[in-house]
Amino acid sequence: MNKDLSSMTRSELETLKRQVEKAMVDVAEKDKKAALAAAEKAAADHGFSLAEITGMAPRKGKTGSKTSAPAKYRNPADTTQTWTGKGRQPAWFKDALSNGTSPEAMEI
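Residues numbered from 1 in each chain as written. Predicted model: local features only at pLDDT ≥ 70, side-chain atom pairs only at ≥ 80, totals over all residues. Heavy atoms only, no water.

K.L.:
Provide a residue-level description of the pattern of salt bridges, including the pertinent values.
P.N.:
For the structure on display, the rule yields 2 salt bridges. Between Asp26 and Lys22 there is a salt bridge; the shortest N-O distance is 2.9 Å. Linking Asp26 with Lys22, this pair stays in helix H1 (residues 10–45), spanning 4 residues, or about one helical turn. Residue Lys41 pairs with Asp45 through a salt bridge whose shortest N-O separation is 3.1 Å. Taken together, the residues Lys41 and Asp45, both in helix H1 and 4 residues apart, mark about one turn of the helix. Grouping residues by exposure puts Lys41 and Asp45 together as exposed. (Salt bridge = Lys/Arg side-chain N within 4 Å of Asp/Glu carboxyl O. Helix = DSSP H or I, 4+ residues; strand = E, 2+ residues; numbered from the N terminus. Buried < 20%, exposed > 50% of the residue type's maximum accessible area, 1.4 Å probe, protein only.)

K.L.:
Quick rundown of helix H3 (residues 91–98)? Include the residues and the values.
P.N.:
When we look at burial in H3, the residues that qualify are Trp92, Phe93 and Ala96. Down the axis of H3, the buried side of the element spans an arc of 100°, and every buried residue falls inside it. Opposite the buried face of H3, by more than 90 degrees, sit the exposed residues Ala91 and Ser98. Residues of H3 that are buried sit in contact with strand S1 (73–74) and strand S2 (82–83). (Arc of directions from axis to C-beta. Contact = heavy atoms within 4.5 Å.)

K.L.:
Now, about the nonpolar core: what can you tell me, with residues and values included?
P.N.:
Core analysis: the largest hydrophobic core is formed by 6 residues, namely Tyr73, Trp83, Trp92, Phe93, Ala96 and Met106. Broken down by element, this core gets its largest block of residues, 3 residues, from H3. Not counting the four nearest positions on each side in its chain, Phe93 is found in contact with Tyr73, Trp83, Pro103 and Met106. (Core = buried A, V, L, I, M, F, W, Y, C linked by side-chain atoms within 4.5 Å.)

K.L.:
Could you give an account of the confidence of the model for the chain, with specific residues and numbers?
P.N.:
Considering every residue of the chain, the mean pLDDT works out to 88; 91% of them sit at 70 or more. Across the chain, H1 holds the top mean pLDDT of 95, while helix H2 (residues 50–54) sits lowest at 86. (pLDDT = per-residue confidence, 0-100.)

What follows is the structure, given as structure tokens:
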């Protein structure tokens, strides 16, 4: 399939370019699928799934979602703001402490 590119018009070259780019994407996708199949076969030959080897398998013992701790402190100025007492102190908590409010006074 030798084409004389010098005798082609700009439009023909643009069309050829689009066809080549599409063919490159198609070939890359085909190669990727073949590589994945080969990797899955190699993993299976050793008694594993590819997901287990790559770390994409669901982990045993980690089921369900995390539950958050109950709130321990409430902002006296805005009762919708709460804090569990774990992690960084929220700005409202720091402000209340600097204004002389004790942590015990903000406990729920």
